[in-house]
Amino acid sequence: MSDREKLLKKVQMYKFAVTDAALFLDTHPDCAQALGYFNKYRKLLKEAEEAYEKTYGPLEICSEQNASRWAWVDGPFPWELSANL
Amino acid sequence: MWNYEKKLEYPVKIKRPDPAAAKVIITQFGGPDGELGAAMRYLSQRYTAPTPEVKAILNDIGTEELGHMEMICSIVYQLTRNLTPKEIKESGFDAYFVDHTNGLYPTQASGYPFSAQIFQSTGDPIADLSEDMGAEQKARLTYDNILRLVDDPDVRDVIKFLREREIVHFQRFGEALRLVTDKLDAKNFYAFNPSFDGKK
């Protein structure tokens, strides 16, 4: 597994935890345990995104990585095989 | 408003093209229980949902479905790359290819194009959420059928992830339906439409 794939996998893993916890919280908004879980992974997600973006470019339009050069346009795009390797 | 995240929800990395598999998997893009229909169903229904929790779950599952549509399209895209005319003919992919080449077009496996007639938005939360639970089960069984037809572990791994999400969404919609009925008369849930009747 390439360094890029390792960092991307971390982002995807933490984002998935956040997405799944958010759906649970939508129907259980007063569950403190779920909110604690959400906050734990939200923080890990932010760190993983920053680590990925520093080397491999922006994950979102408003990323720091777009500030001095329009890196958003750089490939590969997510549906391409090379973006997942 | 939506923002794009430049990554898939779950990685799609298919080493071996297989247009015959693409022909059946594309039904989860534009078919009757596919991800495009799922996203449009929930994102259309959310406006008249009766409580904040139900608005939120329809919004957020609808949003996740857009990401699933992207994953299905990525599978089809990767399964149909670098094909020769001979491979296209022998796999039966030619009927799709003649109209769309390798472009992604929302269609059922049979070739029938995507239609908004596959879903409803009734303005009645009990009817809508009951449809949504059925829709998640129908998508789940479609993924089960795809797993019966496809051997490649690279493809199966992604399909299994998507199948699992159908089960989680079914659970969340069940909870949303309960949140709606908890606020109604248990003797007759259908006495009125909580999204329409008795508005102040």
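Structure first, text after, so check above.
Definitions and cut-offs
- Residues numbered from 1 in each chain as written.
- Chains lettered and ligands numbered in written order.
- Predicted model: local features only at pLDDT ≥ 70, side-chain atom pairs only at ≥ 80, totals over all residues.
- Heavy atoms only, no water.
- Helix = DSSP H or I, 4+ residues; strand = E, 2+ residues; numbered from the N terminus.
- Buried < 20%, exposed > 50% of the residue type's maximum accessible area, 1.4 Å probe, protein only.
- Contact = heavy atoms within 4.5 Å.
- Areas by Shrake-Rupley, 256 points an atom, 1.4 Å probe, with all protein chains shown as cover.
- Core = buried A, V, L, I, M, F, W, Y, C linked by side-chain atoms within 4.5 Å.
- Axes fitted to C-alpha atoms, helices over the stretch in contact; angles between N-to-C directions.
- Parallel < 35°, antiparallel > 145°, perpendicular 65-115°, else oblique.
- Nonpolar A, V, L, I, M, F, W, Y, C, P; charged D, E, K, R; others polar.
- Buried area = accessible area lost by both parts, 1.4 Å probe.
- Salt bridge = Lys/Arg side-chain N within 4 Å of Asp/Glu carboxyl O.
- Polar contact = N/O pair within 3.5 Å; in protein donor to acceptor, adjacent residues only side chain to side chain.

Turning to the overall build of chain B, a few remarks are in order. In terms of regular secondary structure, chain B is built from 8 helices and 0 strands. In sequence order, the secondary structure elements of chain B are arranged as α-α-α-α-α-α-α-α. For chain B, the spread of C-alpha atoms along the three principal axes comes to 65 × 35 × 25 Å. Put simply, chain B has 200 residues, and 49% of those count as buried. Expressed as a percentage of contacts within chain B between residues at least 6 apart in sequence, the contacts between residues at least 24 apart total 77%. Of the roughly 9,800 Å² of accessible surface on chain B, a fraction of 56% belongs to carbon and sulfur atoms.

A separate point is the nonpolar core. Residues and elements named next belong to chain B. Counting residues in hydrophobic clusters, the biggest one holds 29 residues, and the most contacted among them are Ile25, Ile75, Leu79, Val155 and Ile159. Of all elements in the fold, only α1 (19-25), α4 (52-79), α7 (125-149) and α8 (153-182) reach the threshold of two or more residues within this core. Sorting elements by how many residues they give to this core places α4 first, with 7 residues. Residue contacts for Val155: discarding those within four places in its chain leaves Ile14, Ile25, Ile75, Leu79 and Val150.

Before going further, it helps to examine the packing of helix α1 (residues 3-27) of chain A against α8(B). Remark: α1(A) packs on α8(B), axes separated minimally by 9 Å, with the N-to-C direction vectors making an angle of 20 degrees. Judged on the interaxial angle alone, α8(B) and α1(A) are roughly parallel. Within the contact between the two elements, α1(A) uses A:Phe16, A:Asp20, A:Leu23, A:Phe24 and A:Thr27 and α8(B) uses B:Phe161, B:Arg165, B:Val168, B:His169, B:Arg172, B:Glu175, B:Ala176 and B:Leu179. Classifying every residue of the contact of α1(A) with α8(B) gives 7 nonpolar, 2 polar and 4 charged.

To continue, consider the interface of chain B and chain A. Taken together, the contacts link 30 residues of chain B with 30 residues of chain A. Summed over both sides, the interface between chain B and chain A buries roughly 2,600 Å², with carbon and sulfur atoms accounting for 59% of that surface. The three residues of chain B that bury the most area against chain A are B:Lys6, B:Lys7 and B:Lys13, which together make up 28% of that side's buried surface. Across the contact surface, chain B and chain A share 3 salt bridges. Measuring nitrogen to oxygen at the nearest pair gives 2.6 Å for the salt bridge that ties B:Glu5 to A:Lys15. Taken together, the links from chain B to chain A amount to 10 residue pairs in polar contact (both at pLDDT 80 or more). For the side of chain B that touches chain A, the secondary-structure elements that each account for two or more residues are α4 and α8 of chain B. Sort the elements by how many residues they give to the side of chain B that touches chain A and α4(B) lands first, with 10 residues.

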